[in-house]
Amino acid sequence: MTIETVQRVAVLGAGSMGHGIAEVAAMGGYDVTIRDIEQEFVDDGYDQIEWSLEKLEEKGRLDESAEDILARVDTTTDLEAAVSDADLVIEAVPEVMDIKEDTFSSVDEHAPDHAILASNTSSLSISDIASATDRPEQVVGLHFFNPPVKMDLVEVTYGEATSDETAETAYAWAESIDKTPIYVRKDVHGFVVNTVLVPFMEEAAWMRSEDETTIQEADATMVYERGFPMGPFELNDFGGIDIGYHFRAESDQPVPPVVEEKVDNENLGKKSGKGFYDYDDGDGVDYL
Ligand code: 3HC
């Protein structure tokens, strides 16, 4: 299958990555269906796309009206309806292998034979996910970064069975929506970005666990000294503290105690109102 045959995209999962991916796909001219398991999740994702497109429109950053882009976005809670006429399916469900495998197995049953099945997983094995299907050569990683509408990079990851044709089509598709894809040719845990980025956040968390720095001081060093847009704790809150936690826990590696404590208390960062900073206060105050 080639890029010319991709017209309809299904995005499974309407959370922060799913709705963002659906948004950039619609901005790129594709018809998109977003599916989640509850109507409430789907509605929430749709509202966030609407908010984001209106913001971009106000700033003159869209080539067409927000309304025209939104008109290409459909929503459903029915997986079969979402994927039955999709040329490209992008999964962005929770980072739990059982859920990924169940999802891919159902998608494989209902999606057209020619469809490419992509996963937005941050670190799980594309080869393992692909083995839940009868078309592992058509399964590929398409890893976007948060927030997809602002972040250019997309990792296009090969599983063991991914064909060049599938990876090249996924790469061309990412380019067609104005992203900058890179190939990750080995299905390594964390691909390239998270292999580098998770230790960046974790080193700071180990230092905080040992009382060697404060959250604000560690963040300030990277923002003011290195010019990073966010320091390690702010970035962890932004992406979700559970993401880095699962990255380590899955491979039975130690997790910094401050991270463990946040996950145990369900203070997962911005999405839950509290993480290393307190977002309920409105201005992100360090509360550790
Ligand atoms: N859509 C539209 N507008 C948005 C928006 C969105 N999704 N998000 C923010 N905005 C708006 C804001 O509301 C604000 O509008 P205003 O000026 O009217 O108030 C405007 O954009 C500017 O926002 P900010 O001042 O917050 O921020 P910046 O534009 O300077 O940058 C950022 C925001 C791009 C998120 C920047 O802080 C950044 O690059 N941070 C690092 C992000 C990063 O590294 N992401 C990758 C994480 S790792 C990952 O995703 C991997 C995964 O596997 C875990």
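Residues numbered from 1 in each chain as written. Predicted model: local features only at pLDDT ≥ 70, side-chain atom pairs only at ≥ 80, totals over all residues.

- An unreviewed UniProt entry annotates the protein as 3-hydroxybutyryl-CoA dehydrogenase of Natrarchaeobaculum aegyptiacum.

**Some words on the overall build of the protein**
Part 1 of the argument: Across its full length, the protein holds twelve helices and ten strands.
Part 2 of the argument: Relative to the globule expectation of 19 Å for 288 residues, the C-alpha radius of gyration of the protein, 19 Å, shows essentially globular dimensions.
Part 3 of the argument: Overall, the C-alpha framework of the protein stretches about 55 × 45 × 35 Å when taken along its three principal axes.
Part 4 of the argument: Per-residue burial for the protein yields a buried fraction of 45% across its 288 residues. (Helix = DSSP H or I, 4+ residues; strand = E, 2+ residues; numbered from the N terminus. Rg over C-alpha atoms; globule rule 2.2 N^0.38 Å. Buried ≥ 20, exposed ≤ 12 C-beta atoms within 10 Å, placed from the backbone.)

**What about the environment of Ala92?**
Part 1 of the argument: Looking at the secondary structure, you find Ala92 in the loop between strand 4 (88-91) and helix 5 (97-110).
Part 2 of the argument: C-alpha of Ala92 to C-alpha of Gly13: the two residues are 79 residues apart in sequence and 5.0 Å apart in space.
Part 3 of the argument: Discounting chain neighbours no more than four positions away, the residues touching Ala92 are Val11, Leu12, Gly13, Gly15, Met17, Gly18, Ile21 and Asn120. (Contact = placed C-beta atoms within 7 Å.)

**Remarks on the nonpolar core**
Part 1 of the argument: Residues Val11, Leu88, Val89 and Val140 are the most contacted members of the largest nonpolar core, which totals 57 residues.
Part 2 of the argument: With seven residues, helix 1 (residues 16-27) is the largest single contributor of residues to this core.
Part 3 of the argument: Those residues within four positions of Val140 in sequence are excluded, and the remaining contacts are Ile116, Ala118, Ile126, Val156, Thr157, Tyr158, Thr162, Thr166, Ala167 and Ala170.
Part 4 of the argument: Of all hydrophobic cores here, the second largest spans 16 residues; its members include Val198, Ala205, Val259 and Phe276. (Core = buried A, V, L, I, M, F, W, Y, C linked by C-beta atoms within 7 Å.)

**Looking at the site of the ligand**
Part 1 of the argument: The full set close to the ligand counts 17 residues, and Ser52, Ser122, Phe145, Asn146 and Pro229 are the nearest of them.
Part 2 of the argument: Here the shell around the ligand gets three residues from one element, more than from any other, and that element is helix 2 (residues 39-58).
Part 3 of the argument: When residues of the shell around the ligand are assigned to domains, at least three fall in each of domain 1 (3-184) and domain 2 (194-276). (Near = placed C-beta within 6 Å. Domains from an automatic or database assignment.)

**Description of the domain arrangement of the protein**
Part 1 of the argument: The assigned domain composition of the protein is domain 1 (3-184) and domain 2 (194-276).
Part 2 of the argument: One C-alpha centre belongs to domain 1, the other to domain 2, and the line joining them spans 27 Å.

**A short note on the sheet that holds strand 4**
Part 1 of the argument: If you trace the eight strands from one edge of the open sheet to the other, you get 3-2-1-4-5-6-7-8, paired in mixed fashion. With one partner strand each, in any of the chains shown, strand 3 (73-76) and strand 8 (180-184) form the two edges of the open sheet. Each strand axis lies, on average, 25° off the axis of its neighbour in the sheet, ignoring direction.
Part 2 of the argument: As judged from the five bridges shared by strand 1 (residues 8-12) and strand 2 (residues 31-35), these two strands associate in the parallel manner. Paired with Val9 across the two strands is Val32, which belongs to strand 2. (Pairing = 2+ DSSP bridges. Axes fitted to C-alpha atoms, helices over the stretch in contact; angles between N-to-C directions.)

**Focus on the environment of Pro112**
Part 1 of the argument: Along the chain, Pro112 falls in the loop between helix 5 and strand 5 (116-119).
Part 2 of the argument: On the basis of neighbour count, Pro112 is assigned to the partly exposed category, with 13 C-beta atoms found within 10 Å.
Part 3 of the argument: A sequence separation of 26 residues divides Pro112 from Ala86, and the C-alpha atoms of the two residues are 7.0 Å apart.

**Here's the deal with helix 7 (residues 164-176)**
Part 1 of the argument: The end-to-end C-alpha separation of helix 7 is 18 Å, in line with the 18 Å expected for 13 residues at 1.5 Å each.
Part 2 of the argument: Taken together, the buried positions of helix 7 are occupied by Thr166, Ala167, Thr169, Ala170, Trp173 and Ala174. Summarising the axial view, the buried residues of helix 7 lie within an arc of 160°, below the 170-degree limit, and thus occupy one face.
Part 3 of the argument: Those residues of helix 7 hidden inside the fold are in contact with strand 4, strand 5, strand 6 (139-143), strand 7 (153-158) and strand 8.
Part 4 of the argument: The first or second residue beyond helix 7 is Asp178, which carries a positive phi of 70°. (Expected span 1.5 Å × (residues − 1). Arc of directions from axis to C-beta.)

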